[in-house]
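The lines below spell out each chain.
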Amino acid sequence: MSCKCRLLNIGFGNSVVAERIIAIVNPNSAPMKRLREEARESKRLIDATQGRRTRSIIITDSNHVILSAIQAETISQRLATDLIKAYAEGEEKGGCPEAEAVEEKSSKKRKEKAA
């Protein structure tokens, strides 16, 4: 019984299941500040900043809002690297559904841009 969930490091020993992430955004805009407050009021906010300044907001498919002290660009790069690794491992082991879905979406976007 092994879990194929990939954990994404969001700083200071905190991790999130990578497959559950919908968006990684900067916290500085007014809509993101409202999103943070709405999540706090509805008990869906997870503060993983360890008391530091919030530098990114992660939104999950369960509608939870996670605050991180790591830049959004850094977390996005970590996620992309993990997906590339998953895809490479999937080719060797017979396929990784998550990585294949990401690759399929990106190839569709490339085709749409070319057309």
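First, a word on scope: everything that follows refers to the structure included in this document. Every chain begins its residue count from 1, and numbering advances along the sequence as written. Restriction of local features to residues with pLDDT of at least 70 applies here, the model being predicted, together with a cutoff of 80 or more for giving and counting side-chain atom pairs; totals for whole chains, interfaces and linings are based on all residues. The side-chain quantities take in all heavy atoms of the structure and omit both hydrogens and water.

Remarks on the pattern of salt bridges
Side-chain pairs of opposite charge can arise where the charged atoms are in close proximity. By salt bridge we mean one thing: a side-chain nitrogen of Lys or Arg within 4 Å of a carboxyl oxygen of Asp or Glu. Inspection of the entire model under this criterion finds two salt bridges. Arg20 is paired through a salt bridge with Asp61; the nearest N and O atoms lie 2.6 Å apart. Of the two residues, Arg20 sits in the loop between β2 (14-17) and β3 (21-25) while Asp61 sits in the loop between β5 (56-60) and β6 (65-68), which places them 41 residues apart along the sequence. The buried label goes to any residue with under 20% of its type's maximum accessible area, the exposed label to any with over 50%, and the partly exposed label to all in between, with areas taken from a 1.4 Å probe on protein chains only. Taking relative accessible area as the criterion, Asp61 reaches 43% and is therefore assigned partly exposed. Here Arg40 ties to Glu37 by a salt bridge, and the two come within 2.8 Å at their closest N and O atoms. The way it works is that DSSP assigns letters per residue, a run of H or I at least four long becomes a helix, a run of E at least two long becomes a strand, and they are numbered from the N terminus.

Details of unusual backbone geometry
Excluding glycine, residues mostly have negative phi values, and the peptide bonds linking residues are mostly trans. The backbone of Phe12 shows a phi angle near 60 degrees, a positive value even though the residue is not glycine. Look at Phe12 and you get partly exposed, because its relative accessible area is 41%. Even without being glycine, Asn63 reaches a positive phi, approximately 70 degrees. Turning to its location among the elements, Asn63 is positioned in the loop between β5 and β6. Given the relative accessible area of 45%, Asn63 is considered partly exposed.

Concerning the nonpolar core
Generally speaking, nonpolar side chains in soluble globular proteins are found buried as a group. Only buried Ala, Val, Leu, Ile, Met, Phe, Trp, Tyr and Cys residues count toward a nonpolar core, and they belong to the same one when joined by side-chain atoms within 4.5 Å. Counting 13 residues, the largest nonpolar core has Leu8, Ile10, Ile21, Ile24, Ile58, Ile66 and Ile75 as the members making the most contacts within it. For this core, the elements supplying multiple residues, two or more each, are β1 (7-11), β3 and α2 (72-93). At three residues, the largest contribution of residues to this core is made by α2. One finds Leu45, Ile59, Val65 and Leu67 within the second-largest nonpolar core, a separate group that totals seven residues.

Details of the side chain of Asp82
Positionally, Asp82 belongs in helix α2. Note on charges: Lys and Arg go in the positive column, Asp and Glu in the negative column, and His and the chain ends are not counted at all. It is Lys85 that comes nearest to the buried, bridge-free Asp82 among opposite-charge side chains, at 4.8 Å. Contacts between residues were defined by any pair of non-hydrogen atoms, one from each residue, lying within 4.5 Å. Other than its neighbours up to four places away in sequence, Asp82 contacts Arg6, Leu7 and Leu8.

Notes on the environment of Arg44
One can find Arg44 in the loop between α1 (30-41) and β4 (45-47). Measuring from C-alpha to C-alpha, the distance between Arg44 and Ser62 comes to 9.1 Å, with 18 residues separating the pair along the chain. A polar side-chain atom of Arg44 sits 2.8 Å from a polar atom in the side chain of Ser42. Counted as a polar contact is a pair of N or O atoms within 3.5 Å, where, for protein atoms, one must be capable of donating a hydrogen and the other of accepting one, and residues adjacent in sequence contribute only when both atoms are in side chains.

By themselves, these observations are geometric and do not establish any function.
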